[in-house]
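# A look at the structure
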Amino acid sequence: MPRFPRRAVVAPAVVAIGLLAAVPAASDEPVLSRPHTVAHFDLAQGQTPESVVAEQGGSVDMSFAFARQVVKVTRERRVRVLATLPDESHPRTPLVSSPVTHGLARAHDGTLYVNYATGTSRTGVWRIPAGGGSPEQIAQLPADGLPNGLALDERHGVLYAADSALGTVWRIPQSGGTPTAWATGAELSGLPSATGFGANGVKVHQDAVWVTNTDRGTLLRIPVGADGSAGPTETRATGLTGVDDFVFPGHSDLVLAALSPSNEVALVAPDGSHTGVLTVQEGLSNPTSLAVRGRDVFVASAAYFTQRDPNLLKALLGAHFSRS
């Protein structure tokens, strides 16, 4: 994974005040409460959680980047392997060298889609049957790319994959087929002077595709046109150092973002201001991704830099921030 500078993002008081003014004011309850670690994983086995998707009933699905696995973590904290991606004997994966499973998306019928990067023809989007089984490659992406975040727009039958190495958002038919370079540009590209990681997390929200750029520390919004084309890229937040994946906890444009190098989850307001709501003191160990189901918020930590305690944390979302 990228070698981020170990620099924490600390929002000054004026930013925090502006942020609080932008969020629901009907309650003084915290954004996240009762954080606790619900599962610990084995770093030596490559169990580095990269992406997390919450299921109904309290279980979650996760990708373990360096184990090449997609797993289910039950509410009883048991880990069940749903699929293992095929090994690659001569990987040439850009930026990370090893084969890695990255972004994960789940359809309503339980089918899972995962990005797999190897630096070979196996790089692309793979489909896993509901309940687990043999993975099948449904789309091939460029071998010199690093497909990272993955989002499913089931209403339109398309997937969006954020490519960290090529600075591209790919649009792929959900049923499989030829990818389209849907969005490109400097806003999505990494910086050669930094880690080289550009577009990272990706979500579909309110008729737009939202993307984070790790090197630039930005949150971007790309409108989806009536014909499915990409509109102009808008920068919605800056200063999110080392940002990885993110989630919308409700129907507004409020975002919870994982800031991996500083062991922080930040709340990002629609005006771009942001402040920390979870830190290393709550158990974060290089957080990579988040998922929300009702008022449950799950945070996956991969321990890429701490090299200590990859885990899954759970917290309770304040009622005024929830989708429900």
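To be clear, the structure that these remarks concern was listed above.
As the structure is a prediction and not an experimental result, all values here were calculated from the model. (Residues numbered from 1 in each chain as written. Predicted model: local features only at pLDDT ≥ 70, side-chain atom pairs only at ≥ 80, totals over all residues. Heavy atoms only, no water.)

So, on to the pattern of salt bridges. Going through the model one piece at a time under the given rule, you end up with 14 salt bridges. Here glutamate 55 and lysine 72 are joined by a salt bridge, their closest N and O atoms 2.3 Å apart. Within this pair, whereas glutamate 55 is found in the loop between strand E2 (49–54) and strand E3 (60–64), its partner lysine 72 is found in strand E4 (residues 69–73), the two being separated by 17 residues in sequence. For the pair glutamate 55 and lysine 72, one class covers both residues: buried. The closest approach of N and O atoms between glutamate 88 and arginine 122, which form a salt bridge, is 2.9 Å. (Salt bridge = Lys/Arg side-chain N within 4 Å of Asp/Glu carboxyl O. Helix = DSSP H or I, 4+ residues; strand = E, 2+ residues; numbered from the N terminus. Buried < 20%, exposed > 50% of the residue type's maximum accessible area, 1.4 Å probe, protein only.)

This brings us to the pairing of strand E24 (residues 311–317). With 6 of its 7 residues buried, E24 lies for the most part within the structure. Note that strand E1 (residues 32–40) and E24 share 6 bridges and pair antiparallel. Counterpart to histidine 36 in the pairing with E24 is lysine 314. Here strand E23 (residues 296–301) pairs with E24 via 6 bridges, running antiparallel. Note on E24: the bridge partner recorded for valine 299 is leucine 313. (Pairing = 2+ DSSP bridges.)

Now for the side chain of glutamine 174. Inspection of the secondary structure puts glutamine 174 in the loop between strand E12 (168–173) and strand E13 (180–183). A polar contact is formed between the side chain of glutamine 174 and the side chain of tyrosine 113, at a distance of 3.3 Å. Not counting residues up to four positions away in its chain, the partners in contact with glutamine 174 are Ala107, Tyr113, Arg127, Ile138, Leu152, Glu154, Gly157, Val158 and Leu159. (Polar contact = N/O pair within 3.5 Å; in protein donor to acceptor, adjacent residues only side chain to side chain. Contact = heavy atoms within 4.5 Å.)

The values are spatial; any link to function lies outside them.
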